[in-house]
Amino acid sequence: MATGGEAETEAPAPEEERDWSEMTPVCLAEAFSRLALEDLWRGAMACCRSWRDAARSRPGLFAALDLEPGFAEATPGAEAAAWWTPAFQRRVDAMLRSAATLAVGELREVRVRHCSDDGLAFAAERSPRLSILSIRTSPAVTDRSMLIVGACCTMLTELDISNCYEVSYRSLEVIGQSCQNLKVLKRNIFNWIDPSEHVGIVPENYLRECPQDGDREAITISKFMPKLKHLELRFSKLTGVGLNSIPGGCKELEVLDLFGCANLTSRGIDQAAANLKNLETLVKPNIYIPRSSFHMGRYGHWQLYDERFQTNVFQI
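What counts, and at which threshold
Residues numbered from 1 in each chain as written. Predicted model: local features only at pLDDT ≥ 70, side-chain atom pairs only at ≥ 80, totals over all residues. Heavy atoms only, no water. Phe/Tyr/Trp six-rings, centres within 6.5 Å; stacked < 30°, edge-to-face > 60°. Helix = DSSP H or I, 4+ residues; strand = E, 2+ residues; numbered from the N terminus. Buried < 20%, exposed > 50% of the residue type's maximum accessible area, 1.4 Å probe, protein only. Lys NZ or Arg CZ within 6 Å of the ring centre and 35° of its normal. Core = buried A, V, L, I, M, F, W, Y, C linked by side-chain atoms within 4.5 Å. Contact = heavy atoms within 4.5 Å. Salt bridge = Lys/Arg side-chain N within 4 Å of Asp/Glu carboxyl O. Axes fitted to C-alpha atoms, helices over the stretch in contact; angles between N-to-C directions. Parallel < 35°, antiparallel > 145°, perpendicular 65-115°, else oblique. Nonpolar A, V, L, I, M, F, W, Y, C, P; charged D, E, K, R; others polar. Polar contact = N/O pair within 3.5 Å; in protein donor to acceptor, adjacent residues only side chain to side chain. Expected span 1.5 Å × (residues − 1).

Trainee: Tell me about the packing of aromatic side chains, and please be specific about residues and values.
Mentor: Geometry of an aromatic ring pair is reported as the spacing of the ring centres plus the angle between the planes. Here the structure, examined in full by the defined rule, presents eight aromatic pairs. Judged by centre distance (6.4 Å) and plane angle (40°), the ring pair of W84 and F190 falls under tilted. Of this pair, W84 sits in the loop between α5 (78-82) and α6 (86-103) while F190 sits in the loop between β5 (184-186) and α10 (204-207), and the two are 106 residues apart along the sequence. Residue F190 is classed as buried on the basis of its relative accessible area, which comes to 10%. Relative to F190, the ring of Y165 lies with its centre 6.1 Å away and its plane at 75°, an arrangement referred to as edge-to-face. Taken together, the residues Y165 in the loop between β4 (158-160) and α9 (169-178) and F190 in the loop between β5 and α10 connect sequence positions 25 residues apart. In this pair, the class of Y165 matches that of F190, namely buried. An aromatic cluster of at least three residues, connected via ring pairs, comprises W84, Y165, F190 and Y206. The cationic tip of K237 hangs over the ring face of W192; the distance from NZ or CZ to the ring centre is 4.5 Å.

Printed below as a string of C-alpha cells:
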C-alpha cells in the first residue's frame, strides 16, 4: 500500500535464465547460420564439443570460405609483409583444409591468399561443387594444383589467379577445357612499371619474376574460354598479337580490364573493342610511363614513337 501520496510501484520481474546447453543441435545450427565466418570459427566452434558437433552437423555452414575481408582491412607494412612467410601460408592451408573437410563436398566459394599447392589440391579434390575460386597472390601455387582444380572442380564460374606467377598458360588451357561455364577470369599481375608500392611487402625477387608470356596466355584464353563475360589482365605484358585473339574467341565479353598493359596501343585497343559486340566496360591502360622505361631501339623504327607515346592512353 502506498503512503504519503506516493504511487505504488511493482518490483521488476526477475530476468528469465536461459540454459543454452539445452538447445537442440538443430536450433544451434540454425543460430550458427546467422554468424559471420570469424564468429563461427573462433566463437561457436571453440566454445564446447556439443556446439562444435552441432555446427558440423550442417555442412552448408561451411559452403563459403572468404578470408578476403581480413586481407582488405589489414594495414600495409609489417602485417602485409608477414603474409609472405611460410608460417602464414601454413595457417591459410589449415583453414582451407578444415573448410573442405567440414563442408563434406558442399564447399562452393573459396577466397583466400597465400595458400600452397598442397592446401589447394586437398580442397579441390573434396569440393566438386566449387563455383568461385580466388587464390590471388599465392606464390606457392603452381600448375600442379591447378590441374587438379580443373579435373575436380568442373562447376567453376569464377577464377582469380592474379599474382600467381607459377601458374602458366597450361593451367588456363585445362581450366578452359574442363570448366566450360567459366564466366569470370582475373589474371592480373603486380605493377611492374612502378613497383614502388610493393617495396617492403612483396619480395623483390618475386616482383622480378612476373610472367612474360602474356600473348600466349591471351591466345589460350580466347581458344578455351568462349563463355567469358568478365576478363581482367591488369599489367599483363601481352601485345597486339594477344589482344587481337580475344574478340575471336571470347565473343560474349562484357568487361575487359587492360589497365597497366603498357605494350598495347590505343589504336589496337579500339580495334579489339570494336569487335566485341557485347562489351559494356573497357578499362584502358591509362597510366603514366616514364620515357626511360622503354628502349626505342627495340621497336626498330622511330615512326612508332607517335603511335606509342602520343596517344590518349599514354600521356607523357
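That shown, we press on.
Trainee: Explain the nonpolar core to me, and be specific about the residues and the numbers.
Mentor: Considering soluble globular proteins, one finds that nonpolar side chains tend to be buried as a cluster. In terms of nonpolar packing, the biggest core is built from 71 residues, with L133, I135, M146, I221, L228, L231 and L243 touching the most fellow members. Looking at this core, the elements that each hand over two or more residues are α6, α7 (117-125), α8 (143-152), α9, α10, α11 (214-224), α12 (240-249) and α13 (266-274). Take this core: its biggest share by element is seven residues, from α6. In contact with I135, not counting residues within four places along its chain, are V112, C115, L120, V141, M146, D160, I161 and C164.

Trainee: Outline the pattern of salt bridges, supporting the account with residue identities and numerical values.
Mentor: In the structure shown here, the tally under the stated rule is 15 salt bridges. For the salt bridge of E68 with R113, the shortest nitrogen-to-oxygen distance reads 2.3 Å. Here E68, found in helix α4 (residues 68-73), pairs with R113, found in the loop between β2 (109-111) and α7; they are 45 residues apart in sequence, far enough to count as distant. For the pair E68 and R113, one class covers both residues: buried. The shortest N-O distance in the salt bridge between E106 and R129 comes to 3.6 Å. Here E106 is found in the loop between α6 and β2, whereas its partner R129 is found in the loop between α7 and β3 (132-134), with 23 residues between them in sequence. Look at E106 and you get partly exposed, because its relative accessible area is 25%.

Trainee: Describe in detail the packing of α7 against α8, supporting the description with residues and values.
Mentor: Between α7 and α8, whose axes approach to 9 Å, the crossing angle comes to 10°. When the interaxial angle is binned, α7 and α8 end up roughly parallel. Residues D117, D118, L120, A121, A124 and E125 of α7 form the contact with α8, whose own contacting residues are R144, S145, M146, I148, V149 and C152. For the contact of α7 with α8, the residue count by class is seven nonpolar, one polar and four charged.

Trainee: Describe the packing of α8 against α9, naming the residues involved and giving the relevant values.
Mentor: It is at 8 Å that the axes of α8 and α9 come closest, and there the two elements cross at 5°. On the basis of their axis angle, the class for α8 and α9 is roughly parallel. Within the contact between the two elements, α8 uses D143, M146, L147, V149 and G150 and α9 uses R170, S171, V174, I175 and S178. Split into classes, the residues belonging to the contact of α8 with α9 amount to five nonpolar, three polar and two charged.

Trainee: I'd like a rundown of the side chain of H114, residues and numbers included.
Mentor: Position of H114 relative to the elements: it lies in the loop between β2 and α7. Only 3.2 Å separates the side chain of H114 from the backbone oxygen of W83, close enough to count as a polar contact.

Trainee: An account of unusual backbone geometry is requested, with residue identities and associated values reported.
Mentor: Backbone geometry at V104 places phi at a positive 50°, although glycine is not the residue there. On the secondary structure map, V104 appears in the loop between α6 and β2. You can call V104 exposed: its relative accessible area is 58%. At T137, a residue that is not glycine, the phi angle is positive and equals roughly 55°. Looking at the secondary structure, you find T137 in the loop between β3 and α8. Owing to a relative accessible area of 6%, T137 belongs among the buried residues under this scheme.

Trainee: Could you give an account of the environment of G268, naming the residues involved and the relevant values?
Mentor: For G268, the location among the structural elements is in helix α13. C-alpha of G268 to C-alpha of N244: the two residues are 24 residues apart in sequence and 7.8 Å apart in space. Non-local contacts of G268, meaning those with residues more than four positions away in its chain, are made with L243 and N244.

Trainee: Tell me about α6, and please be specific about residues and values.
Mentor: Since there are 3.6 residues in each turn of an α-helix, residues three or four apart along the chain are aligned in direction. Helix length check: α6 (18 residues) gives 26 Å between terminal C-alpha atoms against 26 Å at 1.5 Å per residue, within 8%. Among all positions in α6, only F88, V92, D93, L96, A99, A100, L102 and A103 are buried. Of the residues trailing α6, V104 is marked for its positive phi of about 50°.

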